[in-house]
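The primary structure of each chain is shown beneath.
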Amino acid sequence: MTTSLLYHRTYEHKSSSKWVVFVHGAGGSSTTWFKQISAFRKNFNVLLIDLRGHGRSNHFSQLKEFINKQYSFKVVSQDILDVLDHLNIKSAHFVGMSLGTIIIRNLAEIAQDRVSSMVLAGAITRFNFRSQFLIKMGDMTKNIMPYMWLYKLFSYVVMPQKSQKESRHIFTREAKKLCQKEFKRWFKLAADVNPLMRYFKDKELAIPTLYVMGANDHLFMKPVEEMVAVHEHSQLLQIPECGHVCNIDKPKEFNKHAIEFIAAQ
């Protein structure tokens, strides 16, 4: 690994030729997949990545600052492709959480031949009125309010139930590793979500896609149902009694269905 690449680590399988790449959400890191690593590495080669400014890719973000003062989905998607090129991974199956699902979908738009399948968990396919209101409020106060206050507020709105306490704790812990400037850059990406996802809804890619959603994911479930209804290559799996971060809330169910889906491709 070189300093010009995102921090990443791999687990190579003795016989499988399939690679699975995990892409975390905003404010998280590759450590949020800790309940997946053991199960997936038994079946596939695994690549874990910390997105720029997250986890152990903090220094990478500083090195790139003079090139990209503002982030775009294209820029952060290209970061991942650079890691794949470095590791000589021609194509892979991608597993994403929350905002990471948009990055994966955008990566597929840039380089469709590199994406064998997509497992999109807690997928964001559109911000509804409530979500847009919160983002607007956050945008107006991001320069005066400490970013961790905003992050904790959003965490409670997205993951409000008592059963989601562990998920809130893990993502809040990882978000503390971000700096205020980094948080603002990622926050601004939210403004691009709705127009980008309208384009993705109208232009389906012929890539097998599994949406894995917690049945209690009240903010994002309906838009995903609408997306799957018009896409031929997509299917939706709902996990009962589960919230937004389904890979942490219900890891056994998530791992079982995601692994079966990837193995069948």
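Residues numbered from 1 in each chain as written. Predicted model: local features only at pLDDT ≥ 70, side-chain atom pairs only at ≥ 80, totals over all residues. Heavy atoms only, no water.

A few words now on helix α12 (residues 251-263). The terminal C-alpha atoms of α12 lie 18 Å apart, and with 13 residues this matches the ideal 18 Å at 1.5 Å per residue to within 8%. Where α12 is concerned, the buried positions are Pro 251, Phe 254, Asn 255, Ala 258, Ile 259, Phe 261 and Ile 262. Across the axial projection of α12, the buried residues extend over an arc of 160 degrees, all falling on one side. (Helix = DSSP H or I, 4+ residues; strand = E, 2+ residues; numbered from the N terminus. Expected span 1.5 Å × (residues − 1). Buried < 20%, exposed > 50% of the residue type's maximum accessible area, 1.4 Å probe, protein only. Arc of directions from axis to C-beta.)

Turning our eyes to something else, we now look at the nonpolar core. Burial of nonpolar side chains together is a common tendency in soluble globular proteins. Within the largest apolar cluster, 45 residues are counted, with the highest numbers of intra-cluster contacts made by Val 21, Val 23, Leu 47, Phe 73, Ile 80, Phe 94 and Ile 102. The residues contacting Phe 94, other than those within four sequence positions of it, are Val 21, Val 23, Ile 80, Leu 84, Ile 104, Leu 107, Arg 114, Val 115, Ser 117, Met 118 and Val 119. Core analysis: the next-biggest nonpolar cluster, separate from the first, contains 26 residues, Val 212, Val 245, Ala 258 and Ile 259 among them. (Core = buried A, V, L, I, M, F, W, Y, C linked by side-chain atoms within 4.5 Å. Contact = heavy atoms within 4.5 Å.)

This paragraph deals with the pattern of salt bridges. Per the counting criterion, the structure on display carries five salt bridges. The shortest N-O distance in the salt bridge between Lys 203 and Glu 109 comes to 2.7 Å. Remark: Glu 109 occurs in helix α4 (residues 99-110) and Lys 203 occurs in the loop between α9 (193-202) and β6 (209-214); sequence separation between them is 94 residues. For Lys 203, a relative accessible area of 36% corresponds to the partly exposed category. The exposure class assigned to Glu 109 is partly exposed, which follows from its relative accessible area of 22%. Beyond isolated ion pairs, a larger network of salt bridges with shared partners links Arg 105, Glu 109 and Lys 203. (Salt bridge = Lys/Arg side-chain N within 4 Å of Asp/Glu carboxyl O.)

We now examine the environment of Ala 206. Within the secondary structure layout, Ala 206 lies in the loop between α9 and β6. It is 6.2 Å that separates the C-alpha atoms of Ala 206 and His 233, two residues lying 27 residues apart in sequence. Not counting chain neighbours up to four residues away, the residues in contact with Ala 206 comprise Gln 112 and His 233.

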